[in-house]
Amino acid sequence: MGLSNGTVDTLLSDFLRKSGGVAVIDGGFATELERHGADLNDPLWSAKCLHTSANLVRKVHLDYLEAGADIIITASYQATIQGFEAKGFSKEESEAMLKKSVDIAREARDIYYEKSLESSRPILVAASVGSYGAYLADGSEYSGDYGNAMNLEFLKNFHRRRVQILAESGADLIAFETVPNKLEAQAFAELLEEGIKIPAWFSFNSKDGVNVVSGDSLTECAKIADSCKKVVAVGINCTPPRFISGLIQTIKKVTSKPILIYPNSGETYDAEIKQWVNNTGVADEDFVSYVNKWCEIGASLVGGCCRTTPNTIKAICRTLPARSASLSL
Ligand SMILES: [Zn+2]
């Protein structure tokens, strides 16, 4: 269960209807692997665990499902064929690793359904695609600056095979996450038109509450997402909660597609020291105090990104009227 029989056009709308209008996305994935002791100081970041700790990856997915998430995002954010090959894996092994990220999330969903007394809560598996900047692992997913020599064809060539494999892997949709600039949004939109059969969401990040991180206009980025028929939701992730309301207002001026929101805890990532600077974050209760406001003004998918945990997701579920009614807390 979990999968609707719908087409690209109706998958998300059917799902949202069954979820009572608002669906819950999981929380920080890499964060949770680290909390369980994984060392992610590696160019593959969380994708390293696909190779070293598949059981932990499955457990973290399961923990998010048990916390109430309706959508789990695979560990493929920083999983690229190029990145695995740089580690000495063959092309076939690298491609298998992408597929494995989806297999593990689907296994977690199966286990959850077997264990759970809840009969038929629909659950979607979203295959994560991080940006080229995430592959570079130099913090440029937060600057969106790929240099003047960058061009559309390069980005399409970089992502093409990975997107094809994830689209054929059994995932319900593709989550293009933390998209830092307009060029990469355009590259993803054009790749989706190359015969990709599952829908996708586009999620941008911002560090000023106005533009995406590169300084490109969020309005223009959201318009690219809006005009791609394969894109079924548009939104923001890995961005401080205090910026979210304004960003929702900007997005909804240019699209009527569902809006998704999964902010980080508000802390800042310092790419030099590869650590989150934890003096600016908000506690779970404060994060959650925003959630109903975001839904009131237009968000219909809400979760958490870096530095949020299953507790954040539990708190989000408790605060959503439709969801808390069905929880026996
Ligand atoms: Zn994040």
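Attention here is on the structure that accompanies the text. (Residues numbered from 1 in each chain as written. Predicted model: local features only at pLDDT ≥ 70, side-chain atom pairs only at ≥ 80, totals over all residues. Heavy atoms only, no water.)

1. Topic: the coordination of the zinc ion
The test is simple: Nitrogen, oxygen and sulfur within 2.8 Å of a metal are treated as its donors, or within 3.2 Å for sodium, potassium and calcium (Na, K, Ca); water is not counted, so a site can appear incomplete. Only protein chains enter the area calculation, which uses a 1.4 Å probe; residues under 20% of their type maximum are buried, those over 50% are exposed, and those in between are partly exposed.
Protein-derived coordination of the zinc ion comes from Cys238 (SG), Cys305 (SG) and Cys306 (SG), at a distance range of 2.2 to 2.3 Å. Sequence spacing of the donor residues for the zinc ion, all on one chain, is C-x66-C-C. The two residues Cys305 and Cys306 agree in class, both being buried.

2. Quick look at the side chain of Thr239
The cut-off we apply is this: Per the convention used, a helix needs a DSSP run of H or I reaching at least four residues, while a strand needs a run of E reaching at least two, with both numbered from the N terminus. Polar contact is the term for a pair of N or O atoms within 3.5 Å; when the atoms are in protein, one must be able to donate a hydrogen and the other to accept it, and sequence-neighboring residues count only if both atoms are side-chain atoms. The contact definition used throughout considers only heavy atoms, calling two residues in contact when any of these lie within 4.5 Å.
Note that Thr239 resides in the loop between strand S6 (231–237) and helix H11 (244–252). Taking the relative accessible area as the measure of exposure, Thr239 reaches 0% and is therefore buried. A polar contact of 2.9 Å, which involves the side chain of Thr239, links it to the backbone oxygen of Asn237. Residues contacting Thr239, with those up to four places away along its chain left out, are Phe204, Asn205, Ser206, Ile244, Leu247, Pro263 and Asn264.

3. Focus on H11
Residues of H11 that are buried: Ile244, Ser245, Leu247, Ile248, Thr250 and Ile251. Residues of H11 that are buried sit in contact with helix H10 (218–227), S6, strand S7 (259–262), helix H12 (284–296) and strand S10 (299–302).

4. Observations concerning empty space enclosed by the protein
To be explicit about the condition: The pocket and cavity definitions rest on a 1 Å grid over protein atoms only: a 1.4 Å probe that fits but cannot leave marks a cavity, an open set with protein on both sides within 12 Å along at least five of seven lines marks a pocket, and residues lining either have an atom within 4 Å of a point. Grid points are joined across faces, edges and corners, and a volume is the space filled by probe spheres set on the points. Under the convention adopted here, Pro, Cys and the residues Ala, Val, Leu, Ile, Met, Phe, Trp and Tyr are nonpolar, Asp, Glu, Lys and Arg are charged, and Gly plus all remaining residues are polar.
In total, this model carries 3 cavities of 30 Å³ or more according to the counting rule given. When its volume is computed, the largest cavity comes out at roughly 220 Å³. Taken together, 23 residues make up the lining of the largest cavity; nearest its centre are Phe29, Ala30, Tyr77, Glu177 and Cys305. Breaking the lining of the largest cavity down by element, the ones donating at least two residues are helix H2 (29–35) and strand S4 (173–179). No other element matches H2, which puts 3 residues into the lining of the largest cavity. Among the residues making up the lining of the largest cavity, the classes are represented as 11 nonpolar, 9 polar and 3 charged. Considering every element that reaches the lining of the second largest cavity, the biggest residue donor is H2, with 3 residues. A breakdown of the residues in the lining of the second largest cavity according to their chemical character gives 4 nonpolar, 1 polar and 2 charged.

5. Overview of the layout of surface pockets
Counted as a void, the largest pocket has a volume near 470 Å³. Along its surface, the largest pocket is lined by 20 residues, and Glu34, Leu40, Trp45, Tyr269 and Lys274 are the ones closest to its centre. A class-by-class count of the residues in the lining of the largest pocket yields 9 nonpolar, 4 polar and 7 charged.

6. Remarks on the packing of aromatic side chains
To keep things clear, this is the line we draw: Here is the rule: rings of Phe, Tyr and Trp (six-membered ring for Trp) pair when centre to centre is within 6.5 Å. Planes less than 30 degrees apart are stacked, more than 60 are edge-to-face, and the remainder are tilted. Here, over-ring charges are defined by two tests on the NZ atom of lysine or the CZ atom of arginine: distance to the ring centre within 6 Å, and angle to the ring normal within 35 degrees.
Here the structure, examined in full by the defined rule, presents 18 aromatic pairs. An angle of 80° between the planes, with centres 5.3 Å apart, marks the rings of Tyr132 and Phe154 as edge-to-face. Taken together, the positions of Tyr132 in helix H7 (residues 132–136) and Phe154 in helix H8 (residues 152–167) put the pair 22 residues apart, joining distant regions of the chain. What makes Tyr132 buried here is its relative accessible area of 12%. Judged by its relative accessible area of 38%, Phe154 falls in the partly exposed class. Here the aromatic rings of Phe176 and Phe202 are separated by 5.4 Å at their centres, their planes lie at 85°, and the arrangement is edge-to-face. Of this pair, Phe176 sits in strand S4 while Phe202 sits in strand S5 (residues 200–204), and the two are 26 residues apart along the sequence. Given the relative accessible area of 0%, Phe176 is considered buried. Looking at Arg242, its charged tip hangs above the ring of Phe243, at a distance of 4.7 Å from the centre.

7. What about the sheet that holds S7?
Strand-to-strand pairing in sheets goes through backbone hydrogen bonds, with the strands running parallel or antiparallel. For the record, the criterion: For two strands to pair, DSSP has to find at least two bridges joining them. Helix axes use the C-alpha atoms of the stretch in contact, all axes being lines fitted to C-alpha atoms, and the angles between their N-to-C directions lie in the range 0 to 180 degrees.
Reading across the sheet, the 8 strands line up as S1-S10-S7-S6-S5-S4-S3-S2 and stay open at both edges, with parallel pairing between neighbours. Sheet topology places strand S1 (23–24) and strand S2 (71–73) at the edges, where each strand pairs with a single neighbour. As paired strands, S1 and S10 are joined by 2 bridges and run parallel to one another. Counted as the bridge partner of Ala23 is Leu301 from S10. Helix H6 (residues 91–115) contacts S2 and strand S3 (124–129) of the sheet and is inclined by roughly 155° relative to S3. Strands in contact with H8 are S3 and S4; relative to S3, the strand with the most contacts, it is inclined by about 170°.

8. Brief notes about the side chain of Asp63
Within the secondary structure layout, Asp63 lies in helix H4 (residues 54–67). Residue classification places Asp63 among the buried residues on the basis of a relative accessible area of 17%. Not counting the four nearest positions on each side in its chain, Asp63 is found in contact with His36 and Pro310.

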